[in-house]
Amino acid sequence: MGEPTRVPPRQRVVKTFPIMLSNGVPTVDIAHWRLRLFGAVEREVELTYDQLKALPTVRQEADFHCVTGWSRLGDMWEGVWVREVVALAQPIPDARFVMVHCLDGYTTNLDVEVLLREGMLTWAVNGQPLSPEHGYPLRLLVPSRYGWKSAKWVHALEFMTEDKPGYWEERGYHMRGDVWAEERYRDDFVRRRR
Ligand SMILES: Nc1nc2c(c(=O)[nH]1)N[C@H]1C(S)=C(S)[C@@H](COP(=O)(O)O)O[C@H]1N2
Ligand SMILES: [Mo]
């Protein structure tokens with residue numbers, strides 16, 4: 001009571017943490033796992049899990065909004081800022097977009113600007129290590145975008161000079177996916193469906 005609303009339009013709050021899978025849960029051999037940054041960068045970077053965890057750890061409380069209509073409020077995520085990792089690769093100035101690649105073959109595209117502002121690479125939530133279903137070993141978190149942009153099982157960030165659609169964006173979801181602007185579906189798809 002008395003709190004400003006933080007539930008975006010046409011979302012309802014849930015207490016559960018639904019599991020949304022397009023391609024099942026990948027198994028991971030953490031000894032051979034790497035996070036790779038490539039594409040339009042000055043320096044390609046590959047980090048082991050230990051190297052990633054040695055970067056400055058941050059905690060961020062964030063809400064999570066799936067485009068299908070459920071929202072979770074106030075989870076505490078732990079990981080590193082994407083900007084810490086991106087600084088190692090030094091994207092070229094024209095690299096304004098990123099394709100996120102995941103171990104299950106899933107992809108999603110994001111603006112570099114948004115990733116640098118609020119993106120986190122996470123390995124724990126609410127004091128617990130990420131479960132396999134929720135993205136172990138590494139999950140992206142982008143709170144102002146619908147949940148499909150918070151990619152699970154991330155293993156690579158590809159820097160691009162032109163925007164390209166990822167898995168759901170190719171299937172009609174919005175290229176940006178801002179929850180407050182209700183960027184749920186691509187306008188051109190909506191037109192085609194009418
Ligand atoms: N790699 C990968 N990441 C993914 C998905 C997926 O199928 N594969 N589903 C997305 C969708 S649609 C949502 S809403 C969130 C859900 O996260 P959760 O399963 O941890 O609740 O993960 C997103 N990240
Ligand atoms: Mo979703």
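Residues numbered from 1 in each chain as written. Chains lettered and ligands numbered in written order. Predicted model: local features only at pLDDT ≥ 70, side-chain atom pairs only at ≥ 80, totals over all residues. Heavy atoms only, no water.

(A) View of the pattern of salt bridges. By the definition in use, this model includes 13 salt bridges. Between R6 and E61 there is a salt bridge, and its shortest N-O distance comes to 3.9 Å. One end of the pair, R6, is in the segment before β1 (12-13); the other, E61, is in strand β4 (residues 58-65), with 55 residues separating them in the sequence. On the accessibility criterion, R6 (31% relative accessible area) is partly exposed. In this structure, R171 engages E170 in a salt bridge whose closest nitrogen and oxygen atoms are separated by 3.9 Å. Several salt bridges share partner residues, and in doing so they unite R6, E61 and D63 into one network. (Salt bridge = Lys/Arg side-chain N within 4 Å of Asp/Glu carboxyl O. Helix = DSSP H or I, 4+ residues; strand = E, 2+ residues; numbered from the N terminus. Buried < 20%, exposed > 50% of the residue type's maximum accessible area, 1.4 Å probe, protein only.)

(B) Broad picture of the pairing of strand β8 (residues 120-125). Most of β8 is tucked away, with 6 of its 6 residues classed as buried. Here 5 bridges tie strand β5 (residues 70-81) to β8, and the two strands are oriented antiparallel to one another. Across the sheet, residue G79 finds its bridge partner in β8, namely T122. In terms of strand pairing, β8 meets strand β10 (residues 139-141) through 3 bridges, oriented antiparallel. For T122, the partnering residue across the bridge sits in β10 and is R139. Here 2 bridges tie β8 to strand β9 (residues 128-129), and the two strands are oriented antiparallel to one another. Paired with V125 across the strands is Q128, a residue of β9. A loop of 2 residues connects β8 with β9, the two strands running antiparallel in sequence, and N126 in this loop sits at a positive phi of about 50 degrees. (Pairing = 2+ DSSP bridges.)

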